[in-house]
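For reference, the chains in residue letters:
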Amino acid sequence: MRIVVASDHAGVDIRREMADEARELGYEVVDLGPAPGEAVDYPVNGARVGRLVAAGEYDLGMLVCGTGVGISIAANKIRGIRAVVCSEPYSAKLARQHNNANVLAVGARVVGPGLARLIVREWLTAEFEGGRHARRVGLIEPSDSATAGEQLS
Ligand code: RB5
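Given the structure is predicted, the values throughout are model-derived calculations rather than measurements. (Residues numbered from 1 in each chain as written. Predicted model: local features only at pLDDT ≥ 70, side-chain atom pairs only at ≥ 80, totals over all residues. Heavy atoms only, no water.)

**Here we look at helix α3 (residues 69–76)**
(1) Moving on: Residues Gly70, Ile71, Ser72, Ala74 and Ala75 constitute the buried set of α3.
(2) Moving on: Its buried side turned inward, α3 meets β1 (2–7), α2 (42–54), β3 (60–65), β4 (83–85) and β5 (103–107). (Buried < 20%, exposed > 50% of the residue type's maximum accessible area, 1.4 Å probe, protein only. Helix = DSSP H or I, 4+ residues; strand = E, 2+ residues; numbered from the N terminus. Contact = heavy atoms within 4.5 Å.)

**Here's the deal with the site of the ligand**
(1) Moving on: Near the ligand you find Asp8, Ala10, Tyr42, Cys65, Gly66, Thr67, Gly70 and Arg109, and these make up its full shell.
(2) Moving on: Between the ligand and aspartate 8 there is a distance of 2.5 Å, counted from an oxygen atom to a side-chain nitrogen or oxygen.
(3) Moving on: One of the backbone nitrogen or oxygen atoms of threonine 67 is found 3.0 Å away from an oxygen atom of the ligand.
(4) Moving on: Bound to the protein, the ligand loses 71% of the 290 Å² it would expose on its own. (Near = heavy atom within 4 Å. Polar contact = N/O pair within 3.5 Å; in protein donor to acceptor, adjacent residues only side chain to side chain. Areas by Shrake-Rupley, 256 points an atom, 1.4 Å probe, with all protein chains shown as cover.)

**Thoughts on the environment of glutamate 127**
(1) Moving on: Examined against the element boundaries, glutamate 127 turns out to sit in the loop between α5 (113–125) and α6 (132–140).
(2) Moving on: The spacing of glutamate 127 and alanine 95 is 32 residues in sequence and 9.6 Å in space, taken between C-alpha atoms.
(3) Moving on: Look past the residues within four positions of glutamate 127 in its chain and what remains in contact with it is Arg96 and Gln97.

**Describing unusual backbone geometry**
(1) Moving on: Cis rather than trans, the peptide bond between glycine 33 and proline 34 has omega equal to 15°.
(2) Moving on: Position of proline 34 relative to the elements: it lies in the loop between β2 (28–31) and α2.
(3) Moving on: Non-glycine residue asparagine 100 carries a positive phi angle of around 50°.
(4) Moving on: Residue placement: asparagine 100 occurs in the loop between α4 (89–97) and β5.
(5) Moving on: Here asparagine 100 falls in the partly exposed class, since its relative accessible area comes to 25%.

Structure, rendered in structure tokens:
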């Protein structure tokens, strides 16, 4: 499994913690930065990771900005991306089991390094349960505001 990670300037340290946790769990991790001291607008890296995951170049993505909010919104603009912001492990686990979230976002100003690692661990070790959840996730796509939430058959 290959994971791509990125952040804005606010998320550098937590991004590195999350990348290390994923590596310790056996994942191959590619870190797109930025380096410490380099300013990057969160929509740029949110969309970048979203495009790479949606294109199938990576299995999953992880993102960090100050709150996790802006960068997850940016990723969610890419068709096929289900990005979630998580500040605790329970939501991270359920986001995978029920929502098949393919991008995890964390807020560097919201959670500390230990909690960020725990969130990553729960998200990566959970598995999508399929079944009724697959049908519900299917209702999210296509992410077209005219048909979102409707049964398309
Ligand atoms: C940058 O200061 C901050 O706005 C950003 O990291 C993020 O929190 C946006 O959602």
